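What follows is each chain in one-letter form.
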Amino acid sequence: YFGSRLKSVCGRSSQVSLLICPIHTLSTMAPSSLIWECLKGHTSFIRKSVNCKVMSAEPGNLCGLHSYKFSGLTGKVLNVSGSKKGTKESIVMTTAHKQASRDARPGSRLLQTGLKKRSKKGQAQLTKALEGGFYRQDLAAMAAAKYIKVKTSFKKKKLSFKSRRASK
């Protein structure tokens, strides 16, 4: 059925039509605004609760809010998060791949880049990636604030032990 349909649309056999026919190019994707309109009410990542904003658990969502601006499923993705492997904790920046063809491959669509834990170098690395590369400049300030929050979440509270034999 699928091959005969392509033959009727393009006027060629199904094997040739995927390569030649401009209607059936595999690299063309729908615009991000159209994808958002389709997904905004019906996605498995939506988290609703009483007296609270609608949240989202999408990979690549910077604030966790369910909105077009922060959506990790449409358009350009940006997220700063912490990851833990064993005892090692690291800060990771998630962005979308620059090649447009990767949008059709969900497994390799997102790129994770490690950020330095030292504040000065980490902030510079984040600024260079966002503002220097012209990638989501509107979210640069929020990403910097989240970087600081993730970094402070790694700090452990020091336990103070009091001696039972306190000197009198």
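First things first, this report covers the structure right here in the doc. Just so we're clear, the structure is a prediction, and the values are computed from it rather than from any experiment.

Rules used in this analysis
- All residue numbers refer to position in the chain's written sequence, counted from 1.
- With the structure being a predicted model, the display of local features is reserved for residues of pLDDT at least 70 and the display and counting of side-chain atom pairs for 80 or more, all residues being used for whole-chain, interface and lining totals.
- The side-chain numbers reported here are obtained from all heavy atoms of the structure, hydrogens and water having been left aside.
- Put simply, a nonpolar core is a bunch of buried Ala, Val, Leu, Ile, Met, Phe, Trp, Tyr and Cys residues held in one set by side-chain atoms that sit within 4.5 Å of each other.
- A simple rule labels every residue: compare its accessible area, found with a 1.4 Å probe on the protein chains alone, to the largest value its type can have, and call it buried under 20%, exposed over 50%, or partly exposed in between.
- Labels follow the DSSP assignment, with helices taken as runs of H or I lasting at least four residues and strands as runs of E lasting at least two, numbered in each case from the N terminus.
- Given the number of residues in a helix, its expected span is that number minus one, multiplied by 1.5 Å.
- What the arc measures is the spread of directions leading from the helix axis to the C-beta atoms.
- Here a residue-residue contact requires only that any non-hydrogen atoms of the pair lie within 4.5 Å.
- Patch definition: residues above 30% relative accessible area lacking any salt bridge, with like charges linked at up to 9 Å and the nonpolar side chains Val, Leu, Ile, Met, Phe, Trp and Tyr linked at up to 5 Å.
- Throughout, the Shrake-Rupley method with a 1.4 Å probe supplies accessible areas, and for residues the shown protein chains are the sole cover considered.
- Every case where a carboxyl oxygen of Asp or Glu lies within 4 Å of a side-chain nitrogen of Lys or Arg is listed as a salt bridge.
- Lys and Arg are tallied as positive, Asp and Glu as negative. Neither His nor the chain termini are counted.
- Where a charge lies is defined by one atom per residue type, namely NZ (Lys), CZ (Arg), CG (Asp) and CD (Glu).
- Only protein atoms enter the 1 Å grid, on which a cavity is a set of points fitting a 1.4 Å probe that cannot get out and a pocket is an open set with protein on both sides within 12 Å along at least 5 of 7 lines, lining residues being those with an atom within 4 Å of a point.
- Grid points are joined across faces, edges and corners, and a volume is the space filled by probe spheres set on the points.
- Polar here means any residue outside two lists: the nonpolar Ala, Val, Leu, Ile, Met, Phe, Trp, Tyr, Cys and Pro, and the charged Asp, Glu, Lys and Arg; Gly therefore counts as polar.

**A closer look at the nonpolar core**
- Val80, Ile91, Leu115, Leu126, Leu130 and Ala143 are the most contacted members of the largest nonpolar core, which has 19 residues in total.
- Of all the secondary-structure elements, those providing two or more residues to this core are strand E3 (78–85), strand E4 (88–96), helix H4 (119–132) and helix H5 (140–153).
- With five residues, H5 is the largest single contributor of residues to this core.

**Considering H5**
- Spanning 14 residues, H5 covers 20 Å between terminal C-alpha atoms, matching the ideal 20 Å at 1.5 Å per step.
- When we look at burial in H5, the residues that qualify are Ala140, Ala143, Ala144, Tyr147 and Val150. The buried residues of H5 all sit within an arc of 125° when viewed along its axis, so they share a single face. Facing away from the buried surface of H5 by more than 90 degrees, the exposed residues are Ala141 and Lys149.
- On its buried side, H5 packs onto E3, E4, strand E5 (110–115) and H4.

**As for a positive patch on the surface**
- On the surface, a cluster of positive charge is contributed by Lys116, Arg118, Lys120 and Lys121.
- Structurally, Lys120 is set in helix H4.
- Looking at Lys120, the relative accessible area reads 69%, which means it is exposed.

**Looking at the side chain of Thr43**
- Considering the arrangement of structural elements, one finds Thr43 in the loop between helix H3 (32–39) and strand E1 (46–47).
- Residues contacting Thr43, with those up to four places away along its chain left out, are His66 and Leu73.

**Structural notes on the pattern of salt bridges**
- Under the defined criterion, the tally for this structure stands at three salt bridges.
- Notably, a salt bridge pairs Lys40 with Glu37, separated by 3.2 Å at the nearest N-O pair.

**Some points on the layout of surface pockets**
- Put simply, the largest pocket is a space of about 450 Å³.
- If you trace the largest pocket, you find 25 residues lining it, with Leu73, Thr74, Gly75, Asp103 and Arg109 closest to the centre.
- Ranked by residues supplied to the lining of the largest pocket, first place goes to H3 with three residues.
- Class assignment of the residues belonging to the lining of the largest pocket gives a composition of 14 nonpolar, seven polar and four charged.
- In this structure, the second largest pocket spans a volume of roughly 150 Å³.
- The wall of the second largest pocket is formed by Met93, Thr95, Ala96, Lys98, Leu111, Thr113, Ala129, Leu130, Gly133 and Tyr135.
- Of all the secondary-structure elements, those providing two or more residues to the lining of the second largest pocket are E4, E5 and H4.
- Looking at which element gives the most residues to the lining of the second largest pocket, the answer is E4, with three residues.
- Along the lines of polarity and charge, the residues of the lining of the second largest pocket split into six nonpolar, three polar and one charged.

Keep in mind that these numbers describe shape and distance, not what the molecule does.
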